[in-house]
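# Structure assessment
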Amino acid sequence: MEQQLKQLELEALAKIEAASNLKELNEVRVAYLGKKGPITDLLKGMGKLSPEERPKMGALVNTVREHVTEKLETKVAHLEEQAVLEQLEKEAIDVTLPGRPVRVGNRHPLTRVVEEIEDLFLSMGYEIAEGPEVEKDYYNFEALNLPKGHPARDMQDTFYITEETLLRTHTSPVQARTMIEKKGEPFRIICPGKVFRRDNDDATHSHQFMQVEGLVVGENIRMSDLKGTLDIIAKKMFGADREIRLRPSFFPFTEPSVEMDISCFKCGGSGCNVCKHTGWIEILGAGMVHPNVLEMGGYDPKKYSGFAFGIGAERIAMLKYGVEDIRHFYTNDTRFISQFQRTEG
Amino acid sequence: MLVSLNWLKQYVNIDSLSPEDLAEKITRSGIEVDAVIDRSQGMTNVVVGYVVSKEKHPDADKLNVCQVEVGEGDVRQIICGAPNVEAGQKVIVALPGARLPGGVKIKKAKMRGVESNGMICSLQELGVEGRTVPKAYADGIYVLPEDAVPGSNALELVGLSDIVLELGLTPNRSDALSMLGVAYEVAAILSEEVKLPEINYATASESAENFIKVSTEAPELNPLYAAKVIKNVKIAESPLWLQHYLMAAGIRPHNNVVDITNYILMEYGQPLHAFDYDALKTNEIVVRLAKDGEKIVTLDDQERTLQAHNLVITNGIEPVAVAGVMGGANSEVTSDTTTVVIEAAYFDGFTVRRTSKELGLRSDSSARFEKGVDPNRVLVAAERAAQLLSELAGGEVLQGTVLVDQLDKTPTRVVVSPDFINARLGMKISLEDMLSILHRLQFDVEAANGLLIIDAPTRRQDIKIEEDIVEEIARLYGYDEIPMTLPEGAVTIGGLTSYQEKRRVVRNVMEGAGLLQAVTYSLTSAELAQKFALKVEETTKLLMPMSEERTTLRQSLIPHLIEAASYNVARKADSVSLYEVGSVFLGQTEEELPYEEEHLAIVLTGKWVDNQWQGEKRSVDFFVAKGIIEALFDKLGLTERVTYEKGSVDGLHPGQTANVLLDGHKIGIIGGLHPAERKKLDLKETFVAELNLYAILNAVTDALVYTPVPRFPEISRDIALELDRLKPAGEIESIIRGAGTKLLKDVKVFDVYEGEKMEAGKKSVAFSLTYFDPERTLTDEEVTNAHNKVLKALAEAGAEVR
Ligand SMILES: [Zn+2]
């Protein structure tokens, strides 16, 4: 009987070794350790043994069972590991192939510029004011100290709808409307929007363009406040090491009026193509609100003062991103617009 | 305004600095210098030559072989093709080695076998603009006066050794439309004095008033009219210096009389006009408004028809000039003129501007009258004209000036406190510095009781109010000196309005869905203005459009977006997805302005999914477009208030168009572009949508309130229905939702089938219904009861449950 057991153990261990998958192993388990297996049979036959031999044989049977079981478990573990490896190998991919495309849209570069300016001023307590693209002559010109027949009206050739209505030539009518709306209260606003001039479209002219104007009205608003504010714009839009300079200019709605140049962001001031070898780039027009404009807006110019500035979004975008033709902003070529999705350092 | 520095030096000392530095200073303190132009353009080896002889070229009809003396004993043979070259002339010669403008280099050469050692030059060849060259020399070489010395520098002689500053003048600085005005500005900047021309001349014994009478019937429009009479004028060429100053200023020399009026126009900024006294015929000048339809032939030989608001100069019978704009041909100074009447007048700027615009005649004169000339210079200019006509044209000036004069010549007084100036600027400029600046500007100033009482000279018509003084002080003190501060006082609470915030959300949703933002023009053609419009209303049109493509304001954003899609497809884009947020313009409101409504529109064309190596490709379809719109409504919390119904829009596919309704009102459309439209534009499947953004964003008024995360399970039941193929599933969904059970939480279509297994013209639509009670777990019986209500409602509506 002991002989038989040894024989069984050897057989079982050999079959376990030979098994190549979990199913075969299970067959081996059932065949040798199952209720109908030879070892169980042997155990059943132990009753025939003498009482002295029983414990000895019992121990032997258990040892054999343990050996077989242990071998089975080792083999199972091995096979499972094999199976995992095979699966992993089967599932291996070429990670250098492109990913599934995710469509990513983005803002138009002009909106990007406008929102950048908006956000800058929102953080300084400004509101965003908007108004109609079709305006009354009164708000577009007269309320801004540009009566009918004023020579400065030549500066802005206008699309008229009727004698009294027109496509606004700047977003300043929003300023005039806001003053009336605020009824004498101090305020700070940014007015972005589309504006129109009678220009033939070419590389540097567009009959429609985007303007962002700012207006601050309060007690004791000074020209130094304007200069400090313009300096913030320059640094935010064109880099922290930009310097600004003001030059006298003329706008009917401001007095004094200035134009702002920034030190060239390309050459730093030594002279290059971008700055036409002057070291300076003209960026925007600004000034202290003309007392007539304040008065027409319902503000006593003796008590209140204010400053205003106007920025062309196209000009900023052209300078900032190096765009060479203003028409790009309106042809909506996706190869153009999609370049403006990335963030900047 | 072109400012010759040689000319400017006659009035102010500018020797202390280079032209570039001067230009920089002028720019920084008030008037932008657009360009510093070196008239010599780096030319060298350009000398005076004497044409000793001229012979025909043996082999070329149009060429002459000239022997030209270019220095003592230095005679050179030069071939010249100019028609006006003659022996005995003094001419301009570019010697071999000379460089002329435009990169021309002069070398010894053979022309048709004959040697040529240089070139006899026209002024154009020396870089002078053709329109300023005297007519006599416009088509040939320039001839110098007899006293020119051969071999000497010719550039100096023709005024090309000069620097010209081109000023970009803003409309307020019309004072700088004259050399003296510029001189005052430069003198203020450099703290120099202005040297005014000295005016003195001998007068004849006769008195001007015996020759001519002057009257005005429109004193408001012509408060000052002065006439001087000069006899025995000899019409001739002006002296060279005068011609060259005019050319440097961009004006063509004609003859001494015309040149003198132009010279004074440039010197004082006062336009003058010279009449031929004999041609006036009546010994009388009457200024009056024109008669409607009255005609005059102006100096440019054009017949002009006048209107009753045009101001004219007449001889008492007929117009002889359009006031301030242009003279008449009937009284023009010609080579036969002997007696000249010089007009120096003040005309109303608005009238001159209107007339010159109507006649299409903008001249140096009208430009100055329009902006208002200096009232105190009108008579001075007349005297200066008399002086120069006497000096340069041999004229005899008759005694006196015949004039009508009601012109107010008092300077504008501005009273301002130094504190006000400093408060406006945010600076602390001392009173001494302010006074010094005002003195440099030659403003008459008195400091008293803490106030500055200022009489600005009348040439500075732009100085009217305290703020103008603030600017004068600041610009001459230096804008660089202004410190940088930020506004003080109560901090305002800024921020976006709710609408503006929501509009940014709309952009984010569109971009998150993969769309690029487009910006298109508000102006479009009459044909496209109302195409695809949500609401067709009266259009808004330009009075004077520049082209047919841009005559009318749009009522839909879709046409331009489709154009943009087509533009990209023509450039090989196989997928275009764009959105735009912009205004449409509807009818007229009470304010006479159109109602501007902000819309959102999208266009999708070509591939939507294009995953090339994995072979997944899918074109856009209606449901891609609708999905994007649904995502927007989800984001805005409006999904439950939005419904869709079959719609119909011209230009869209009749079977693939939906109206979008918010609370039952149409606020948008979604649809496929009609195949015929697509064919025209060479577009594949193209879908568009347009929504009234005002209506949508203003509908979002509720606050976001959290709903507890469900603690009890949801139970779903499915229903499959057999429907006619075109029966909208949305209608069935409404029936289900309206069946009256509170436990029904959601209804979703999860399968639509048409095909072999269905009867022709039928489809199967399967809905998944979710039942739920936030307070407890539903029993099977409760769900069944609820579901039965739904089934009953469907049965009542005639829907066939499969
Ligand atoms: Zn540069």
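Residues numbered from 1 in each chain as written. Chains lettered and ligands numbered in written order. Predicted model: local features only at pLDDT ≥ 70, side-chain atom pairs only at ≥ 80, totals over all residues. Heavy atoms only, no water.

### What to know about helix α5 (residues 240-248) of chain B
Quick reminder: α-helices carry 3.6 residues per turn. Residues three or four places apart thus point the same way. Residues and elements named next belong to chain B. This is how it is decided: Using a 1.4 Å probe on the protein chains alone, a residue whose accessible area is under 20% of its type maximum counts as buried, one over 50% counts as exposed, and one in between counts as partly exposed. Here a helix means four or more residues in a row that DSSP labels H or I, a strand means two or more in a row labelled E, and each is numbered from the N terminus. Contact criterion: two residues are considered in contact whenever any of their non-hydrogen atoms come within 4.5 Å of each other.
Among the nine residues that make up α5, eight are buried, leaving the element largely enclosed by the rest of the structure. Here α5 has its buried residues at Leu240, Leu242, Gln243, His244, Tyr245, Leu246, Met247 and Ala248. Of the surrounding secondary structure, the elements contacted by the buried residues of α5 are β1 (2-4), α1 (5-8), α3 (154-157), β13 (163-168), α6 (256-268) and α10 (378-392).

### Overview of the coordination of the zinc ion
For a metal with four donors in a tetrahedral arrangement, the ideal angle between donors is 109.5 degrees, while six donors in an octahedron ideally sit at 90 or 180 degrees. Residue and element names in this part refer to chain A. Put simply, the rule is: Coordinating N, O and S atoms are those within 2.8 Å of the metal (3.2 Å for Na, K and Ca), and as water is not part of the atoms, a site may appear to have fewer donors than expected. Under the classification used here, a metal with four donors is tetrahedral if each angle lies between 85 and 135 degrees, square planar if opposite donors are over 155 degrees apart and the others between 65 and 115, a six-donor metal meeting that same test is octahedral, and anything else is irregular.
Coordination sphere of the zinc ion, protein contribution only: Cys264 (SG), Cys267 (SG), Cys272 (SG) and Cys275 (SG), at 2.2 to 2.3 Å. With four donor atoms in place around the zinc ion and angles of 103 to 114° between them, the coordination shape is tetrahedral. If you list the donors of the zinc ion from N- to C-terminus, the spacing comes out as C-x2-C-x4-C-x2-C. According to the relative accessible area criterion, Cys272 is buried, its value standing at 12%.

### Focus: unusual backbone geometry
In this chain, Glu255(A) is followed by Pro256(A) through a cis amide linkage whose omega measures -5°. Despite not being glycine, Gln442(B) shows a phi value in the positive range, around 60°. Along the chain, the position of Gln442(B) falls in the loop between α12 (431-440) and β28 (444-448).

### Digging into the sheet that holds β13(B)
Residues and elements named next belong to chain B. The cut-off we apply is this: When DSSP finds at least two bridges between two strands, those strands are taken to pair. Under this scheme, a helix contributes an axis fitted over its contacting stretch, all axes are lines through C-alpha atoms, and angles between N-to-C directions fall in the 0 to 180 degree range.
Here we have three strands laid out as an open sheet, ordered β1-β13-β2, and antiparallel in their pairing. In the strand order of this sheet, the two ends are held by β1 and β2 (32-38), each with one partner. Strand after strand, the sheet turns through a mean of 25° between neighbouring axes, direction not considered. Relative to β13, β1 runs antiparallel, the two being bridged by three bridges. Paired with Ser4 across the two strands is Val164, which belongs to β13. On top of the sheet, helix α2 (residues 19-29) reaches β2 and β13; it is set at about 165° to β2, its chief contact.

### Focus on the pattern of salt bridges
To keep it simple, the criterion reads: Any Lys or Arg side-chain nitrogen located within 4 Å of an Asp or Glu carboxyl oxygen qualifies as a salt bridge.
A full pass over the atoms with the stated rule returns 67 salt bridges over all chains. We note a salt bridge from Lys54(B) to Glu86(B), for which the minimum N-O separation is 3.3 Å. Of this pair, Lys54(B) sits in strand β3 (residues 46-57) while Glu86(B) sits in the loop between β5 (75-80) and β6 (90-94), and the two are 32 residues apart along the sequence. Residues Glu754(B) and Arg725(B) are paired through a salt bridge, measuring 3.6 Å at the closest nitrogen-oxygen approach. With a gap of 29 residues between them, Glu754(B) in the loop between β41 (744-753) and β42 (762-771) and Arg725(B) in the loop between β40 (715-724) and α19 (729-737) connect regions that are remote in the sequence. Given the relative accessible area of 41%, Glu754(B) is considered partly exposed. Several salt bridges share partner residues, and in doing so they unite Arg107(A), Glu115(A), Glu118(A), Asp119(A), Arg504(B), Arg507(B) and Glu511(B) into one network.

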